[in-house]
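Observations on the three-dimensional arrangement
Listed here are the chains, written in short residue letters.
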Amino acid sequence: MAQLSPMMAQYFEIKKKHKDEIVFFRLGDFYEMFYDDAILASKELELTLTGRDCGQEERAPMCGVPFHSYESYVAKLIAKGYKVAICEQMEDPATAKGLVKRDIIRVITPGTVIESSMLQDDKNNYIGSVYLKNGCIGVCFADVSTGSAHTTELAGEKLSNQLIAELCRYNPSELLFNTALLDFKDVTAYIKQHMTCSVELMEDECYAPDEVERLLTEQFGADWSKATGLSRDGNAHAALSALLGYLHRTQKKGVERLKLVHSYAEAQYMQLSPVTRANLELTETMRGREKRGTLLWVLDKTQTAMGKRLLRSWLEQPLVSSVAINRRLNCVQALYSENIQRAELSEALSHVFDMERLMTRTVYGSATPKEIYALASTCTQLPLIRELASGCSCPELEELAQRIDPLEDIRDRIFAALEEETPATLKDGGVIKQGYNAEVDELRDIVHGGKGYLSQLEARMKEETGIRTLKVGYNRVFGYYLEVSKSFTDQVPENFIRKQTLANAERYITEELKQLEGKILGASERLLALERQLFEDLLQDLSAQILRVQNTASALAQLDVFTALAQVAVNNNYVRPVVDDGDELIITEGRHPVIEQMPKGSLFVPNNTLLDCGENNMLIITGPNMAGKSTYMRQNALITLMAQIGSFVPAQECRVGVADAIFTRVGASDDLAAGQSTFMVEMTEVAEILQYATKRSLVILDEIGRGTSTFDGMSIARAVVEHIAGQIGCKTLFATHYHELTELESAMDCVKNYNIAVKKRGDDITFLRRIVRGPADDSYGIQVAKLAGLPDSVTKRAKEVLRALEASAPKKQQVEQLDFGVVEEMSSPALPSEILDKLRDTDLNTLTGIEGLQFLCEIKNALQ
Ligand code: ADP
Ligand code: MG
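Per an unreviewed UniProt entry, the protein goes by DNA mismatch repair protein MutS and derives from Allofournierella massiliensis. We quote the UniProt Sequence similarities (unreviewed entry) comment for the protein here in full: "Belongs to the DNA mismatch repair MutS family." Entered under Function (unreviewed entry) in the UniProt record, the comment concerning the protein runs "This protein is involved in the repair of mismatches in DNA. It is possible that it carries out the mismatch recognition step. This protein has a weak ATPase activity."

The following block contains the structure:
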């Protein structure tokens, strides 16, 4: 076998250490990929696959991307779950002797990207680390792009469910875990089926106590336990340290950015199962997985990227402490009532740059001059924002205002160093401001004024020597020279050094000219290098201030969210909920926050709710399809959730006793793709609710028992209701089409029947959307089918079938109807069946006087 070319040997040396990653190998102006990487990348990125001589008989498969636009290609690969190792030239190829040195400078993975082009502004990008040992899971989620981490510990009966709940809360794009977790099959299956998350199995050495101690000390100091709030017992600190180790291995640089560690207790937040998150459409719709049509879409009037991310995370983790919730509500209320302050704050915040992520790029050294300039512009807004926030006479806002550091020194430092119209990249210079550095100014003079110096020199030489024809010229071999025609060579002074003889002229250089030449030719290169150096110094200075910037950024993010929530409350006519530790949910004129914002939403009919842990513990809601049962139930869940993130709510009045969890079981979330039948999914979800709901939970059951035969379904539904009402006692809304279940009201004290009123006239029904006490009297299936546009012939036939069915399975309640049928047949000449139907199907209670008369007229007409 032939020898590999030296460069290919170098490539293989590097690739050996990065088998799992696609290696982007820098070759001049391109990043090239070879062999399998090339074949894969050419497919994924639609690049042309070529070949390169590699010293062997067969050419190496190769494809490449231009280095200046590599980000978009990397972004695509990352989005597809690949990792990319960037291999750079470590020395200037122009001056390198022999093979250029190359090395991996960074491995980009889904959880570690910091480039804004690869991240979504309004979303945190989490990398998770979980460590299972002795029945306890240490959990850590970090957002490398903002430098913050959240840790907790899980211990309990159902570890895997708890872990899945945490994974759903943070939705990491990358996850590290230890081998013990492989035994949690339901967790690994969940990740595979439901998450877009690349998974990394960590060696056990990563969790060795010495290694953990070393990494944490290096990151947070010897007193790391105090700095992070993590104890040396437990597993959370080991999860965090494994994550740090992984970052060191992949990032090489910038890991120190991860500074803020929040340890939280699971119990600090409302429990929301993955299914409930999806059902309530908090951040994405069930159908299109879009933001439009979600609660986030309604609430997100934030101005900054930091605010957007914070609002999303608040939505994903509502609070359960009424004290903490009311503190948030106080802020929203203050801004709600101060219209002018709110508008001005909103305007000022709209000029605030994403400081959090910028600081990360600053620490990594990849921030651009334009971005740094934008940071300074942001700083100019800070005093005003501070003043506006503290002008709202709200203690909580005042506290936030105090946390905003005006960062004047940072602003001044940047403004002093950077040109106002500073370019987006360093490559063409023009970054450093005039007057900031004497050498930069001088070099610029030379670069721009070089020609001027030469003509000055020429003029001076002419005068000194008296040689009229003396002129300055340039060629590639000798550089700058003084040319003197043959006739004047005898007047040439001694300090001229002859360089070249032409037919009718001589060319000379002088010491002065040589110096000038050196200056001019070297100046632009030196200028670029110096500007880069000065900019890097600036980044380093800023990096040292990271904690101050980060604290300010976090205060700004909160202020932004409060301002947005206040604005939404004003726009949409929300009210401040009374949030306490009681057990009631009382809503007057509540609305569905999302549906009322939809195009037809102005017609939304508000409804009241009364739920508690006593007589109104379980509401059984009946009514025809499409009446609005599901909407009503979700609206109650959403109002509760909004209150618990600290938002005002769509109602006229509202009292929320804090719920520790919301559970939903909503029909039609088929999981067929996962190979489970609808009924199986349904029952698994119900089982989970029965297992985890407490007295303080809010439970929504929408049509359970549908996935099986009627009697089975009804029996299960009934048993579930009895269990919840009898054993758990959580506030429950239960929509069902089994009318038989409405009997429960008389059997159990805590059950109340409600239905959604419809107005009936003959075969026609109108949805009134009003929830009223009592059971619905019919299921109106055929009328709804008619409303949906089923042809008359079909609905008519359906009625016949229905009647026949009812006749063959007579029940107590239907006996009279059966009698009716017989009467109808015998006396059919007297009254046509359509008229009988019409009479039977009309609820006189819902008709107005005029409608009543009209109805009579219609009957009369039909008889004639
Ligand atoms: P159900 O669950 O009873 O079949 P849905 O809750 O799905 O009915 O509601 C059916 C339709 O009625 C939805 O498209 C919704 O937009 C509309 N709707 C529901 N409640 C209201 C209301 N209170 N005001 C106006 N429209 C409503
Ligand atoms: Mg429904």
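Along the backbone of the protein there are 29 helices and 27 strands. Its C-alpha atoms give the protein principal-axis dimensions of roughly 140 × 70 × 65 Å. Looking at the protein as a whole, 51% of its 864 residues qualify as buried. In the protein, the share of contacts with a sequence separation of at least 24, taken over all contacts with a separation of at least 6, comes to 67%. Of the roughly 40400 Å² that the protein leaves accessible, carbon and sulfur atoms contribute 51%.

So, about the pairing of strand β22 (residues 653–657). The side chains of a regular strand alternate between the sheet's two faces. Note: strand β18 (residues 578–580) against β22, three bridges, orientation parallel. Along β22, the bridge assignment pairs Val578 with Arg655. Where strand β19 (residues 585–590) and β22 come together, four bridges link them in antiparallel fashion. What sits directly across from Ile586, in β22, is Arg655.

Enumeration over the complete set of coordinates arrives at three cavities of 30 Å³ or more. Volume-wise, the largest cavity comes out at about 60 Å³. As for the largest cavity, its lining consists of Ala165, Glu166, Arg169, Glu266, Tyr269, Met270, Gln271, Leu272 and Arg277. Residue assignment for the lining of the largest cavity shows that the elements contributing at least two residues are α4 (159–170) and β13 (271–272). Ranked by residues supplied to the lining of the largest cavity, first place goes to α4 with three residues. In terms of residue class, the lining of the largest cavity is built from four nonpolar, one polar and four charged.

Pairing is mixed across the open sheet formed by six strands, whose spatial order is β3-β4-β2-β1-β5-β6. Whereas interior strands pair on both sides, the edge strands pair on one side only; in this sheet they are β3 (50–52) and β6 (102–108). Here the strands of the sheet are splayed against their neighbours by 40 degrees on average, with no regard to which way each runs. Of the pairings in the sheet, the one linking strand β1 (residues 22–27) to strand β2 (residues 30–34) comprises three bridges and is antiparallel in character. Its bridge partner lying in β2, Arg26 is registered against Tyr31. Where helix α2 (residues 35–45) meets the sheet, its contacts fall on β1, β2 and β4 (60–66), and the angle it forms with β4 comes to roughly 55 degrees.

Quick look at the site of ligand 1 now. Around ligand 1 sit 13 residues in total, of which Val605, Met626, Lys629, Ser630 and Thr631 are the nearest. Separating an oxygen atom of ligand 1 from a backbone N or O atom of Lys629 is a distance of 2.8 Å. Broken down by element, the shell around ligand 1 gets its largest block of residues, three residues, from helix α21 (residues 629–645). Taken together, the residues that form the shell around ligand 1 break down as seven nonpolar, four polar and two charged.

Let's shift gears to the environment of Arg576. By the secondary structure assignment, Arg576 is in the loop between α20 (546–572) and β18. On a C-alpha basis, the gap between Arg576 and Gly646 in space is 9.0 Å, while along the polypeptide they are 70 residues apart. Excluding anything up to four places from it in sequence, Arg576 contacts Asn326, Leu329, Asn330, Gln333 and Phe648. At 3.2 Å, the side chain of Arg576 forms a polar contact with the side chain of Asn326.

This part takes up the pattern of salt bridges. Inspection of every chain in the model, using the stated rule, returns 39 salt bridges. The partner of Arg26 in a salt bridge is Glu88, with the nearest N and O atoms 3.2 Å apart. One end of the pair, Arg26, is in strand β1; the other, Glu88, is in strand β5 (residues 84–89), with 62 residues separating them in the sequence. Residue Glu88 is classed as buried on the basis of its relative accessible area of 14%. Where Asp53 meets Arg59, a salt bridge forms, and the shortest distance between an N and an O atom there is 3.4 Å. With a relative accessible area of 48%, Arg59 lands in the partly exposed category.

Attention shifts here to the packing of aromatic side chains. Under the defined criterion, the tally for this structure stands at 17 aromatic pairs. When the centroid spacing of 4.9 Å and the interplanar angle of 80 degrees are considered together, the rings of Tyr11 and Phe34 count as edge-to-face. Within this pair, whereas Tyr11 is found in helix α1 (residues 6–16), its partner Phe34 is found in strand β2, the two being separated by 23 residues in sequence. Residues Tyr11 and Phe34 agree in their burial class; the two are buried. Between Phe141 and Tyr170, the ring centres sit 4.4 Å apart and the planes meet at 15 degrees, which makes this aromatic pair stacked. Of this pair, Phe141 sits in strand β8 (residues 136–143) while Tyr170 is found in helix α4, placing the two residues 29 residues apart along the sequence. When its relative accessible area of 0% is taken as the criterion, Phe141 is described as buried.

We now examine the UniProt feature "binding site: ATP" (unreviewed entry) in the protein. Listed under "binding site: ATP" (unreviewed entry) in the UniProt record, and renumbered for this structure, are Gly623, Pro624, Asn625, Met626, Ala627, Gly628, Lys629 and Ser630. Its place among the elements puts Pro624 in the loop between β21 (618–622) and α21. For Pro624, a relative accessible area of 1% translates into the label buried. Looking at the secondary structure, you find Ala627 in the loop between β21 and α21. The exposure class of Ala627 is buried, given its relative accessible area of 1%. Setting aside its immediate chain neighbours within four residues, Ala627 contacts Ile756, Phe767 and Arg769.

Turning our eyes to something else, we now look at the environment of Leu358. Note on placement: Leu358 falls in helix α14 (residues 355–364). Look at Leu358 and you get buried, because its relative accessible area is 0%. When the C-alpha atoms of Leu358 and Val681 are compared, they prove to be 44 Å apart, with 323 residues separating the residues in sequence.

Of all eight residues in β8, eight are buried; the element is thus mostly enclosed. Burial of the side chains of β8 extends over both faces: Cys136, Gly138, Cys140 and Ala142 are buried on one face and Ile137, Val139, Phe141 and Asp143 on the other. Between the antiparallel neighbours strand β7 (residues 127–133) and β8 lie two residues, among them Asn134 with a positive phi of about 50 degrees. Taken together, the eight bridges between β8 and strand β9 (residues 148–155) define a ladder with antiparallel strand orientation. The partner of Ala142 across the bridge, within β9, is Ala149. Linking β8 to β9, which pair antiparallel, is a turn of four residues; within it Gly147 sits at a positive phi near 70 degrees.

Here the focus is the domain arrangement of the protein. How big an interface is tends to be stated in terms of the accessible area lost upon association of its parts. Domain boundaries assigned for the protein yield domain 1 (6–108), domain 2 (119–268), domain 3 (300–407 + 545–572), domain 4 (438–532), domain 5 (578–773) and domain 6 (810–864). Using only C-alpha atoms to locate each centre, domain 1 and domain 2 end up separated by 31 Å. Each partner contributes residues to the interface: domain 1 has six residues there, and domain 2 has seven residues. Summed over both sides, the interface between domain 1 and domain 2 buries roughly 530 Å², with carbon and sulfur atoms accounting for 38% of that surface. By the criterion of area lost to domain 2, the three top residues of domain 1 are Lys83, Arg106 and Val107, representing 64% of everything that side buries. Counting the contacts that link domain 1 with domain 2 gives two salt bridges. Notably, a salt bridge pairs Lys83 with Glu200, separated by 2.1 Å at the nearest N-O pair. Remark: the boundary between domain 1 and domain 2 carries five residue pairs in polar contact (both at pLDDT 80 or more). Its residues assigned to classes, the side of domain 1 that touches domain 2 shows three nonpolar, one polar and two charged.

Calculation notes
- Residues numbered from 1 in each chain as written.
- Chains lettered and ligands numbered in written order.
- Predicted model: local features only at pLDDT ≥ 70, side-chain atom pairs only at ≥ 80, totals over all residues.
- Heavy atoms only, no water.
- UniProt positions renumbered as here; feature names shortened; annotations may be inferred.
- Helix = DSSP H or I, 4+ residues; strand = E, 2+ residues; numbered from the N terminus.
- Buried < 20%, exposed > 50% of the residue type's maximum accessible area, 1.4 Å probe, protein only.
- Contact = heavy atoms within 4.5 Å.
- Areas by Shrake-Rupley, 256 points an atom, 1.4 Å probe, with all protein chains shown as cover.
- Pairing = 2+ DSSP bridges.
- 1 Å grid on protein atoms, 1.4 Å probe; cavity = no way out; pocket = protein on both sides within 12 Å on 5 of 7 lines; lining within 4 Å.
- Points joined across faces, edges and corners; volume = space filled by probe spheres on them.
- Nonpolar A, V, L, I, M, F, W, Y, C, P; charged D, E, K, R; others polar.
- Axes fitted to C-alpha atoms, helices over the stretch in contact; angles between N-to-C directions.
- Near = heavy atom within 4 Å.
- Polar contact = N/O pair within 3.5 Å; in protein donor to acceptor, adjacent residues only side chain to side chain.
- Salt bridge = Lys/Arg side-chain N within 4 Å of Asp/Glu carboxyl O.
- Phe/Tyr/Trp six-rings, centres within 6.5 Å; stacked < 30°, edge-to-face > 60°.
- Domains from an automatic or database assignment.
- Buried area = accessible area lost by both parts, 1.4 Å probe.

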